[in-house]
Amino acid sequence: NCDDNTVKKNSGIAFTICSIDVFDNIGNIIPGGDPIPTVITSVTLIEINSVGTVINVDDQYTNVDFRTSSSFDLVSISSSLDPSKSIRDQVDYVPSTAVLFMIGRSNGANNNNEYN
């Protein structure tokens, strides 16, 4: 649900976009499809630096069965920063963009709708 975007309220976050697309079981977008999945089947975090290079992919949750009350932790590459060193010496650990992909499935009429 894009209405519950708490990420943008954190310090250091300049801009957020939330998009939900509904697909049928062969990959076609369903216009106006119900965007509320009942199970999350994949979660991936991708971090990109200021020049557009992917510097981290956390894809440990690519085959999961998350339902209501499930939780998970993702690790940012920025957790590798050493506070005793200058940030200029650690630019490989500073993401400028983070992308969170979540894929889910509904219990709709055909039980095969995918959410991304």
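The structure under discussion appears in the preceding block.
Anyway, here's the lowdown on the structure attached to this text. Everything numeric here is computed off the predicted structure, so don't read it as measured data.

Here is what the cut-offs are and how they apply
- Residues numbered from 1 in each chain as written.
- Predicted model: local features only at pLDDT ≥ 70, side-chain atom pairs only at ≥ 80, totals over all residues.
- Heavy atoms only, no water.
- Buried < 20%, exposed > 50% of the residue type's maximum accessible area, 1.4 Å probe, protein only.
- Helix = DSSP H or I, 4+ residues; strand = E, 2+ residues; numbered from the N terminus.
- Pairing = 2+ DSSP bridges.
- Core = buried A, V, L, I, M, F, W, Y, C linked by side-chain atoms within 4.5 Å.
- Contact = heavy atoms within 4.5 Å.
- Phe/Tyr/Trp six-rings, centres within 6.5 Å; stacked < 30°, edge-to-face > 60°.
- Salt bridge = Lys/Arg side-chain N within 4 Å of Asp/Glu carboxyl O.

Details of the pairing of strand β2 (residues 39-48)
A regular strand carries its side chains on alternate faces of the sheet. The buried fraction of β2 is high, at nine of ten residues. Direction of pairing for β2 relative to strand β4 (residues 97-105): antiparallel, over a ladder of nine bridges. Residue pairing for β4: V43 is matched across the bridge by M102. Sheet topology places β2 next to strand β3 (residues 54-61); five bridges connect them, and they run antiparallel.

A few points about the nonpolar core
Residues I40, V43, Y61, V64 and F66 constitute the largest nonpolar core, which totals five residues. Once residues within four sequence positions are removed from consideration, F66 is found in contact with T38, V39, I40, V43, Y61, S71 and F72.

Some words on the environment of D59
Along the chain, D59 turns up in strand β3. Measuring from C-alpha to C-alpha, the distance between D59 and L74 comes to 8.8 Å, with 15 residues separating the pair along the chain.

Concerning unusual backbone geometry
A positive phi angle, close to 80 degrees, is found at S69, a residue other than glycine. Looking at the secondary structure, you find S69 in the loop between β3 and β4.

Quick look at the packing of aromatic side chains
Enumeration according to the criterion identifies three aromatic pairs in this entry. Taking 5.7 Å as the distance between ring centres and 55 degrees as the angle between the ring planes, the aromatic pair formed by Y61 and F66 counts as tilted. We classify Y61 as buried; its relative accessible area is 16%. Ring geometry for F66 and F72: centres 5.4 Å apart, planes at 5 degrees, overall stacked. Residue classification places F66 among the buried positions, given a relative accessible area of 15%. Members of the aromatic cluster, each reached through a chain of ring pairs, are Y61, F66 and F72.

Side note on the pattern of salt bridges
Tallied over the full model, the rule gives one salt bridge. The residue R67 makes a salt bridge to D65 at a minimum N-O spacing of 3.0 Å. We classify R67 as partly exposed; its relative accessible area is 44%. By relative accessible area, D65 is classed as partly exposed at 44%.

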